Each structure stands twice: as C-alpha cells, then as structure tokens.
Amino acid sequence: MGTDRRWGWAFGFGCVVLLLLAVGLAWRGLPVTSVGQVDPLSSVLAFLALALALWSGNQSLQAFRWQLTDPLYWAPRLADRVANVEERELDRLVGRAGITIDIEFVLRHALGTDAAALPTGTLHDVVSYYRALRSRRLLITGAPGAGKTVLAVALMMGLLADRQDKEPIPVRLSAASWDSRQPIEDWLIEHLTQTYRLRRQTAAALTKARLILPVLDGLDEMDSDPSLGSEARAVRVLKALNAFQHGQGRPGLVVTCRIEQYRSLEAAAVALADATCVEIQAVATDKALTFVESQIGSHGMARWQHVLDAIDFHPNGTLARSLATPWRLALAVTVYQEYGRRTYLRDPSDLLRPDLDDEDKIRDHLLSLFIPAAVKADRESRKTAYTPQRVHMWLATLAAYLESNEATPRSVGGRRLSSTDIVLHELWPLAGRRPRFVTFAAVAVFWLVGGSIMAINRPDQSSWQYLSAVSAAAASAVAMLSVNWARTWPKPTRIDLSQGGRRWFWSWLVVCGLAAIAVLTWVIGSIILVVACGVLGVICTALPVLFRSIMAEDVEYATDPRELITGNLWLGFAAALTMSCTVGLITRTALAPGFVLACALVMGTGFGVTAGLPAVRYVALLMCTRGRLPTGLGRFLMWCHQAGLVRVAGVAYQFRHRELQEFLARTPEPLS
C-alpha cells in the first residue's frame, strides 16, 4: 500500500471516528439535556466541523505531497545543497591555501560511443572532457594519493556551476557504504534522505527521473583481498551498476578506483559498461616545484632548495618517487612548514637523511609528524585543547577497528562491517556486544526499579485503572526490550527541521492531537483532563524542535554527520516526555502519586529508548570505550575534519587518506 493511500485511510478513519462520536453524543445527550447543561447539539456540530477540518487538512496535505514528488521543483534545491557541501569538502582536501596541482590524466580505454575520447586531460578542463563523453560514464583511476577524489569533486563542482535544467545532479557516495543486499536505487534514496534531508518520496522521484548522477568514490576500498573473485563486493557493485536503469539506457556515472584494483577487476572480466577509463599521472617535476613555491612563498624557497634540487635533478630517485602525488607533496609542506615561536620547527633537508632510504620510510616519517603539525596549526587559529598524543591514540583506536574489519572481514546482523567509514550510529561493534548489553541491562534495571515502586504504591483494591496501568507498563517494557535486542542496525529517525519537515511535523501533531482528544474524551469522560494532557504533550514535543531550530545554523544545507545522532536523541527525549506526561495526567486522579510517577517514567523510558535507540546505543558505546575514545567523539571527529585529518563522505567520516589510516593502525602510540 502506497504512502498516499495509507494517509488517505488514516484521515478517513479519523473522520469516521468523529462522525460516530457526534452521532453517539446526539443519541445519548439530546433526550436528557436540560437548561444549564452543555448543549449536546453544539457538541455534535463541533465534531462535524472537526471532521470537515480533517478532510480539508487531507486535501492540503495531498497538494503538499504533490510538490514533494515534483523532481523539477526539488532538483535546483538539491543542487544548491550538494554544492554547499562539496565546496567545503574540496577546501578541506586541497588544504588551507586552497591551491591545487593541475593534475594530468590519460585515456586508458573507451568503450561504445566514446571510442574517440580525447587522449589526455587535466584537472582544470575535466568538466569539458566529461561533457564531451556521450555516455557520461567516467572511471577515474590512479595510484594511491594521486588525487582521484579531488578530481571527482572538482568535476562535481564544475557540473553544478553551470548546470542546466533537467541535467542530473552529481551526488558523491562512499562505495564502501553499499550493502550488497540493497538495490542501487534504494542505496541512492537512503543516501539522499540521510545526507541531504530529503523526504523519501522526493528522493525516489529525483532518482526515477534520472536527475541524480552517482559519483562512487573508493571502489578499491570495498574489498581487502586484491585477488577479486565472483563474490567480491567490488565485482557485485559493478554488476549492479551495469544493470541499474539499464532498460532506460545506462545513466551517467562517475567512479574512482586505484589502478591496481581495477586491473584485477579487468583480469576477472568485470568492467564498468560503456565507461571511459582514465588514469591520473604522477605529478610532473615542474608542477611539483610550482606547487611547493605557491605554498611556501618565494621567501621560503631557500629552506627547500636542497629538496627541490633532489627532485629536479633526480626525478627517478627515492625522494622524487615518494613525493610524486599531490597527497604526499601536501603532506610534506604541512609537516615542514610548522612554525614555532620564532622559527620553523623542522628543516626540509631532513628528507635527505641517509636513514630515509626508501619510500616506506619517507612515508612513515611524514605521517608520524602529520598529527602534531595539524594540531599545532589548529591551536594557533582556534585554541583547541586536544594534544597530539591524545589525538594520535584516539584516531589509532578507530583506525585499528577499521583495519581489523578489512583483515578479517566481519559481518554483524548480516551486514559487512566497513573498513573505511566511521558512521557514529553504526560504530558500536567497536566495543563488541557490550553496547547492546549495556543498553538492554540499563533499561531492564530501570524498569525493575520502577516496577518495584509501582508495587510498593499499589492500591488496596485493584481497580480497572490499576490493572490497565500495570498491563500497559509491562507491555511497554517487554516490547521495548525486545525491540532493543532484535534491531541490530536501527536506522536513526530524527526530527526534521527543514522547511518542509516543520510543516509535516506540525500537520501531523495537530491532526493526531485533535483525534486523540476526541477519542480520549469519549473514553475517559473528562474533556478538561484530556485537553490538559494534549496541551502538555504538544509542549513537551515541540520544545526540542523549537530549541534546535533556534540553535541550529544553516539547517537547510548543513550535512553534519552528528546531526543523525543529535536529531535522534531529541526525538527520543520528546517521545519520553510526551508519554510520561500523558500517562501521568491520565492516571493521576485514580492512583497514588508514587505509582503514577513510576508508571509514567517506565512507559516514558520505553517509548523514548525505542524512538532514540541508535543514539542510546551510541551513548552506550562511549561508556564502554572510556579512555580509548573521547567522551565527545562526534565533536572530536568534527574537529579532526576541520584540522584536515579526516574527511566527510555523506553521513560518514573517513581518514584523510588510506595511508594515514594504515599508519595509525600500525602505530597505536606516537613515535618518538
């Protein structure tokens, strides 16, 4: 049954209930009414008016829902959001100076209609290169650190800058986040809803209209074994991409992958259909020298002269090969431009030391100094309290977890654990099963305490109110505990603060509130009590929304991975408060205060934990990893993002480069 039909049935049911209540009041009240009492006729008219209001509200929501599924209305709005996010991410990737190397790429092969694709291209003309492809399917390969992600993001920004109506919107996804059991279309829709706060109907309409250009980053990060077999995730995702919307003609697509892994895919007779494959070349010596000079300025060239001469005169030497990628060049500049109180802390000539005689040693040398340099640079701008030692140890814990997921592929609840993505609400397996046990045990203990208080304050004679309250509390606790344990991967539902989300939220609140007041008035018989209950419930639910609306910055476009946790936590808090106040007000006149308080807390906790289970499990993870991870993990990771140590891909954090992740996993303690 579709969403529209479900809403239609819900509104129809509400109208029928109100009509039946009106008929019942007329049948019971009109024959016995007398002067001075409430006029039953007025009550009948009020219920009929409420039914008419429900019908009118349904018509309004139908019109709003049509707008939600209009892809041409939402496409430019999504384009603005993507541009806002990717522009900031590109700034993080290229560094504080914002200067990029004009990397070059060459054509490896072209299939189908693009057999005559241009043989070469550069970062600055990648947009025109892509637009010249008839298939609009591009595969970007290169060595580690060659700049594949930078090239893909630069292509996205160029396409968005001069996007025309009905052109697809490039949306970047981490290839490692794909669940092999999930169709590509569902994966795209879920990414759009979580990252860009679109409603599912809107995301589905955009995908169906082929207004989304998927940009899959990191195909090589999907498998740990370079010898790819038929069960490899990279093989399966390529087959799924080749079949995606094939009946309508293959859609445009951009994929990034390391050259070694893609050669393995080609050896396994698996390729991206109708795609043009390009390979990023090593940074030319003249471009490397130009980049370094642009970063340090002409006044600093003397310090770097020996290094630059070694690269220039020995282009095939160890140092030149070690600094042949944009990532390594930027890393070297970051490390050796760290400034102390009066002078630079390090001399670039250290790169020519005899003990740094191979590429691995130079790599580890630079990586060991990267975190101290990043922390020092950030301290000068924002007075951070983090120390290089703590940053190293916390990031090493996360890196070791990700690397263990790759070395010994693990699955939990049928899902393969990622080896690259740090998603806050999916990070709990880092502590094993303890977060699930802690959540389950904490709520069970809370319920037992509440149940004991209810037993101590039970009335002398069992009434129907007492039996109903006990039954409801027990059912709530059992259902909540069952849901907590059964849902291995709960998806975070959050209060949507976007413009459309606020309208939906208030519409839902008004309709449900009016229907609940009508039904509870008929059952309980006290309109004053029910109205008070409804008003307090609305206040408890609305306060978190209003608070977050005031405190949030740029809620329309921000895509902070922490938002899923905080939004889900507030949703659980609102559900707990609403249920507690509702239960307390309904039972307060018939039962003892202690019993009422315990019953309200038990049922409120049950509903709150169920609604906010992903956030609660995340809190349990922080409790189970005290000392290994910071208490404010989300805040710490956002700081790492601002410091250039990690990057953001959708709702996930990733290490700035895979080399950094592998190095931290090998060195849990900072090198002396």
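In this report, we go over the structure that sits alongside the text. Counting restarts for each chain, with residues numbered from 1 along the sequence as it is written. Where totals are concerned, whole chains, interfaces and linings use all residues; where local detail is concerned, this predicted model gives features only for residues with pLDDT of at least 70, and gives and counts side-chain atom pairs only at 80 or more. For side-chain calculations, the full set of non-hydrogen atoms in the structure is used, while hydrogens and water are omitted.

What follows deals with the packing of aromatic side chains. When two rings of Phe, Tyr or Trp (its six-membered ring) have centres within 6.5 Å they constitute a pair, described as stacked for plane angles under 30 degrees, edge-to-face for angles over 60, and tilted for the intermediate range. Inspection of the entire model under this criterion finds 10 aromatic pairs. Summarising the aromatic geometry, the rings of tryptophan 304 and tyrosine 336 are spaced 6.3 Å apart at their centres and angled 90° between planes, so their arrangement reads as edge-to-face. Here tryptophan 304 is found in helix H11 (residues 301-313), whereas its partner tyrosine 336 is found in helix H13 (residues 326-336), with 32 residues between them in sequence. Taken individually, tryptophan 304 and tyrosine 336 each receive the classification buried, so the pair is uniform in this respect. Sitting over a ring, as applied to charges here, requires NZ of Lys or CZ of Arg to be within 6 Å of the ring centre and within 35 degrees of the ring normal. The residue whose ring lies beneath arginine 303 is tyrosine 344, and the NZ or CZ to ring-centre distance is 3.8 Å. Across from the ring centre of tryptophan 428, 5.3 Å away, lies the NZ or CZ of arginine 617, which sits over that ring. A helix here means a DSSP run of H or I that spans at least four residues, while a strand means a run of E at least two residues long, and both kinds are numbered starting from the N terminus. A simple rule labels every residue: compare its accessible area, found with a 1.4 Å probe on the protein chains alone, to the largest value its type can have, and call it buried under 20%, exposed over 50%, or partly exposed in between.

As a further point, take the environment of arginine 199. Among the secondary structure elements, arginine 199 is positioned in the loop between helix H6 (184-196) and helix H7 (200-208). Among the residues examined, arginine 199 registers a relative accessible area of 26% and is labelled partly exposed. With 130 residues separating them along the chain, arginine 199 and threonine 69 place their C-alpha atoms 9.1 Å apart.

On the surface, Phe437, Phe440 and Trp485 cluster together into a nonpolar patch covering about 270 Å² of accessible area. Considering the arrangement of structural elements, one finds phenylalanine 440 in helix H16 (residues 434-456). Grouping into patches uses exposed residues only, defined as over 30% relative accessible area, and leaves out salt-bridged ones; the cut-off is 9 Å for like charges and 5 Å for nonpolar side chains (Val, Leu, Ile, Met, Phe, Trp, Tyr). Per-residue and other accessible areas follow the Shrake-Rupley method at a 1.4 Å probe size, with only the shown protein chains counted as cover for residues. Just to be clear on terms, a salt bridge is a Lys or Arg side-chain nitrogen sitting within 4 Å of an Asp or Glu carboxyl oxygen.

Moving on to helix H15 (residues 388-407). Since the α-helix packs 3.6 residues into each turn, any two residues three or four apart lie on the same face. Taking 1.5 Å as the rise per residue, H15 with 20 residues should run 28 Å; its terminal C-alpha atoms sit 27 Å apart, in good agreement. Taken across its 20 residues, H15 has 14 buried, putting it largely inside the fold. In this scheme, a helix's expected span is set at 1.5 Å multiplied by one less than its residue total.

Next up on the list: empty space enclosed by the protein. Only protein atoms enter the 1 Å grid, on which a cavity is a set of points fitting a 1.4 Å probe that cannot get out and a pocket is an open set with protein on both sides within 12 Å along at least 5 of 7 lines, lining residues being those with an atom within 4 Å of a point. Grid points are joined across faces, edges and corners, and a volume is the space filled by probe spheres set on the points. In this structure the tally under the stated criterion is 8 cavities of 30 Å³ or more. Estimated volume of the largest cavity: approximately 540 Å³. The wall of the largest cavity is formed by 31 residues, among which Gly145, Gly147, Thr149, Arg647 and His657 lie closest to the centre. Elements with a contribution of two residues or more to the lining of the largest cavity: helix H3 (71-94), helix H5 (148-161), strand S6 (253-258), H13, strand S11 (652-655) and helix H24 (658-666). Per-class residue counts for the lining of the largest cavity are 13 nonpolar, 10 polar and 8 charged. Roughly 70 Å³ of volume is contained in the second largest cavity. Val85, Glu86, Arg172, Ala649 and Gly650 are, among the 10 residues lining the second largest cavity, the residues nearest its centre. Taken together, the residues that form the lining of the second largest cavity break down as 4 nonpolar, 3 polar and 3 charged. Amino acids outside the nonpolar list (Ala, Val, Leu, Ile, Met, Phe, Trp, Tyr, Cys, Pro) and the charged list (Asp, Glu, Lys, Arg) are all regarded as polar, and Gly is one of them.

For the rest of this paragraph, the subject is the nonpolar core. Throughout this description, the term nonpolar core refers to a set of buried Ala, Val, Leu, Ile, Met, Phe, Trp, Tyr and Cys residues connected via side-chain atoms within 4.5 Å. Core analysis: the biggest nonpolar cluster contains 140 residues, and Leu395, Leu398, Leu633, Phe636 and Phe655 have the highest contact counts within it. For phenylalanine 636, the contacting residues outside a window of four places in its chain are Tyr386, Val391, Trp394, Leu395 and Pro630. Counting residues in each nonpolar core, the second largest holds 11 residues, with Ala473, Val583, Cys599 and Met603 among its members. In what follows, residue pairs with any heavy atoms lying within 4.5 Å of each other are defined as contacts.

The subject of this paragraph is the side chain of lysine 148. Structurally, lysine 148 can be placed in helix H5. One buried charge, lysine 148, has no salt-bridge partner; the nearest side chain with opposite charge is aspartate 220, at 5.6 Å. With residues up to four places along the chain from it excluded, the contact list for lysine 148 reads Ile140, Thr141, Gly142, Ala143, Thr256, Cys257, Arg258 and Ile280. Residues scored as charged are limited to Lys and Arg (positive) and Asp and Glu (negative), so that His and the chain ends carry no count.

Its place among the elements puts valine 127 in helix H4 (residues 126-131). Judged by its relative accessible area of 17%, valine 127 is buried. With 28 residues separating them along the chain, valine 127 and leucine 155 place their C-alpha atoms 5.5 Å apart. The residues touching valine 127, leaving out its near neighbours within four places in the chain, are Ala154, Leu155, Gly158 and Leu159.

As a further point, take the pairing of strand S7 (residues 276-280). Counting buried residues in S7 gives 5 out of 5 residues, a clear majority hidden from the surface. Of the two faces of S7, the one holding Thr276, Val278 and Ile280 and the one holding Cys277 and Glu279 are both buried throughout. With 5 bridges connecting them, strand S1 (residues 104-110) and S7 associate as antiparallel partners. Bridge pairing in S7 links valine 106 to glutamate 279. In this analysis, strands are considered paired if DSSP registers two or more bridges between them. Here strand S3 (residues 137-142) runs beside S7; their pairing, made up of 4 bridges, is parallel. Across the sheet, residue leucine 139 finds its bridge partner in S7, namely cysteine 277.

Right, let's get into the sheet that holds S7. Taken in spatial order, the 7 strands of this open sheet run S2-S1-S7-S3-S6-S5-S4, and their pairing is mixed. Each of the sheet's edge strands pairs with one partner strand only, and the pair in question is strand S2 (120-122) and strand S4 (169-174). When the angles between neighbouring strand axes are averaged without regard to direction, this sheet yields 25°. The axes used here are C-alpha line fits, helices contributing only the stretch in contact, and every angle between their N-to-C directions lies in the interval 0 to 180 degrees. Its contacts with the sheet put H3 on S4 and strand S5 (212-217), and the angle it makes with S4 is roughly 50°. The strands that helix H9 (residues 259-267) touches are S1, S3, S6 and S7; relative to S6, the one it contacts most, it runs at about 105°.

Here we take up helix H8 (residues 233-243). For H8, the full list of buried residues reads Arg233, Ala234, Val235, Val237, Leu238, Leu241 and Asn242. Lining the buried residues of H8 we find S3, H6, S5, S6, H9 and strand S9 (415-416).

A few words now on the packing of H16 against helix H22 (residues 613-624). With their axes 8 Å apart at the nearest point, H16 and H22 run at an angle of 110° to one another. If you check the angle between H16 and H22, you find them roughly perpendicular. The handedness of the crossing between H16 and H22 is right-handed. Contacts between H16 and H22 involve Arg434, Pro435, Arg436, Val438 and Thr439 from the former and Leu613, Val616, Arg617, Ala620, Leu621, Met623 and Cys624 from the latter. Angles below 35 degrees are treated as roughly parallel, those above 145 as roughly antiparallel, those between 65 and 115 as roughly perpendicular, and all remaining angles as oblique. Helix crossings fall into two classes, left-handed where the near helix is turned counterclockwise from the far one by less than a right angle and right-handed where it is turned clockwise.

Evaluated as defined, the whole model comprises 22 salt bridges. Between arginine 108 and glutamate 279 there is a salt bridge; the shortest N-O distance is 3.5 Å. Separated by 171 residues along the polypeptide, arginine 108 in strand S1 and glutamate 279 in strand S7 bring together distant segments of the chain. Glutamate 279 gets classed as buried once you look at its relative accessible area, which sits at 18%. Note that aspartate 357 is salt-bridged to lysine 361, the shortest N-O span being 3.1 Å.

Our next topic: the state of the cysteines. Put simply, a disulfide is two cysteine sulfurs that come within 2.5 Å. For the coordinates displayed, the defined rule picks out 0 disulfides. In this model cysteine 257 remains outside any disulfide bridge; the closest cysteine sulfur is found in cysteine 277, 8.7 Å from its own. A relative accessible area of 0% means that cysteine 257 is categorised as buried.

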